Amino acid sequence: MTTVGPGIAAAGGDGALLVVGDVITDVVARHRGPLAAGTDTAAAIRTVPGGAGANVACWAARGGGVEVRLLGRVGADAAAWHERELAACGVRPRLVVDPEAPTGTVICLVDAGAAAERTFLTDSGASLRLEPDDWSDALLDGVAWLHLSGYLLFSEPSRALVAVALESARARGVPVSLDPASAGFLRELGVDRCRSLIEGVDVLLPSRGEACLLTGLPEAADAAAELSRHVPLVVVKQGAEGAVIARSGTVYAHVPAVAATPRDTTGAGDAFTGGFLAALLAGAAPEDAAADGCRAGALAVERVGGRPPTPD
């Protein structure tokens, strides 16, 4: 058994990972150079399955060492496709079909230059209509870890679901992790409100931008240390600069990134989170789990879309 923070332990192989979060259809448009306003910009366009929660689940299931389950909400328009794609990645999906809203869609504009930076246009659709009625305590049967996508913080119904799921996990002694998901949406929600909503989370996995936004500090290491005064374990993802790990107000590990040639950075943070959680549940120490996360992130940026390759 590996201790990952005060009062948190992950037992290798003992129980499943349950991810609760967004399932999205991604339309990825890779273009080179600036967009040409008022006329055409040539691009390579693909439609792929995505969503931060779903991506994390797929990357966590990639090695086959951990049973991974996913609770999400989709529209009837794409429910069957998303269920097939998740199952192909080794995930056991439980998808609630929304009777009114379509599946969420994100248009990912990816600059095909060296950095492969992306800009998202997001229509959350059914994904943020998850609500407490979609939750059952039985979802935690056989579960050793609960992971929540931070996108759930950005609508009233899914915030209510987060509160119910956290309470249920606490009652069973199941550790909970959360990835804040979007600096833009966090800014709209408000830092103070966001920090109050993540109270009770055991592991926080923000990006550098999210960590700095949540603390008002300009440096990732300082932000990680500050957040770890309130959350037992904090892992700040820094892309090409690796990851910083902190607890009890102190940074105790810097994990280097793995070299990669980026094609599309969509889902790189999700890949890190999935790789990290799978390794943690298999019994790895947090710094070793973060190294697995960096390897997954490097694989992700060399692919188009946010998912790992499916087994043949």
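Residues numbered from 1 in each chain as written. Predicted model: local features only at pLDDT ≥ 70, side-chain atom pairs only at ≥ 80, totals over all residues. Heavy atoms only, no water.

Draft legend 1. Representation of the nonpolar core. Membership of the largest hydrophobic core comes to 44 residues, with the highest contact counts inside it found for L18, V20, W135, L146 and L148. Considering each element in turn, this core owes the most residues, five residues, to helix α3 (residues 156–172). Apart from residues lying up to four places away in sequence, L148 is in contact with V20, V162, A165, L166, V176, S177, L178 and D179. (Core = buried A, V, L, I, M, F, W, Y, C linked by side-chain atoms within 4.5 Å. Buried < 20%, exposed > 50% of the residue type's maximum accessible area, 1.4 Å probe, protein only. Helix = DSSP H or I, 4+ residues; strand = E, 2+ residues; numbered from the N terminus. Contact = heavy atoms within 4.5 Å.)

Draft legend 2. Expanded view of helix α1 (residues 52–61). Among the 10 residues in α1, 10 count as buried, and that is most of the element. Along α1, the residues that are buried comprise A52, G53, A54, N55, V56, A57, C58, W59, A60 and A61.

Draft legend 3. Spatial organisation of the state of the cysteines. A complete count under the given rule lists zero disulfides for this structure. Unpaired in terms of disulfides, C212 finds its nearest cysteine sulfur in C194, a separation of 14 Å. For C212, a relative accessible area of 15% gives the class buried. The thiol of C294 is unpaired, and the distance to the nearest cysteine sulfur, on C212, comes to 17 Å. (Disulfide = S-S within 2.5 Å.)

Draft legend 4. The packing of α1 against helix α8 (residues 268–281), seen in detail. Between α1 and α8, whose axes approach to 7 Å, the crossing angle comes to 45°. In this view, α1 runs oblique relative to α8, as classed from their interaxial angle. For α1 against α8, the interelement crossing comes out right-handed. Between α1, through A52, N55, V56, W59 and A60, and α8, the contact on the second element is made entirely by D270, A271, T273, G274, G275, L277 and A278. Of the residues contributing to the contact of α1 with α8, the split by class is seven nonpolar, four polar and one charged. (Axes fitted to C-alpha atoms, helices over the stretch in contact; angles between N-to-C directions. Parallel < 35°, antiparallel > 145°, perpendicular 65-115°, else oblique. Left-handed = near helix turned anticlockwise from the far one by under 90°. Nonpolar A, V, L, I, M, F, W, Y, C, P; charged D, E, K, R; others polar.)

Draft legend 5. Representation of the sheet that holds strand β3 (residues 16–20). The sheet built from nine strands is open, its strands ordered β7-β6-β3-β10-β11-β12-β13-β14-β15 with mixed pairing. Taken across any chain shown, the strands that pair with only one partner, and hence form the sheet edges, are β7 (91–98) and β15 (250–255). For β3 and strand β10 (residues 143–149), the ladder comprises five bridges, and the chain directions are parallel. Across the sheet, the residue bridging to V20 is L148, located in β10. Contacting β13 (233–237), β14 (243–247) and β15, helix α9 (residues 286–301) runs over the sheet at an angle of about 40° to β15. (Pairing = 2+ DSSP bridges.)

Draft legend 6. A look at the pairing of strand β6 (residues 68–75). Among the eight residues of β6, eight are classified as buried, and the element is accordingly described as predominantly covered. Judged by which residues are buried, β6 turns out to be covered on both faces: V68, L70, G72 and V74 on one side and R69, L71, R73 and G75 on the other are all buried. Bridging between β3 and β6 involves four bridges; their strand directions are parallel. Residue pairing in the sheet places V19 in a bridge with L70 of β6. Where β6 and β7 come together, eight bridges link them in parallel fashion. Across the sheet, the residue bridging to L71 is R94, located in β7. Handedness of the crossover joining β6 and β7 through helix α2 (residues 79–88): right-handed. (Right-handed = clockwise from strand over helix to strand, strands pointing away.)

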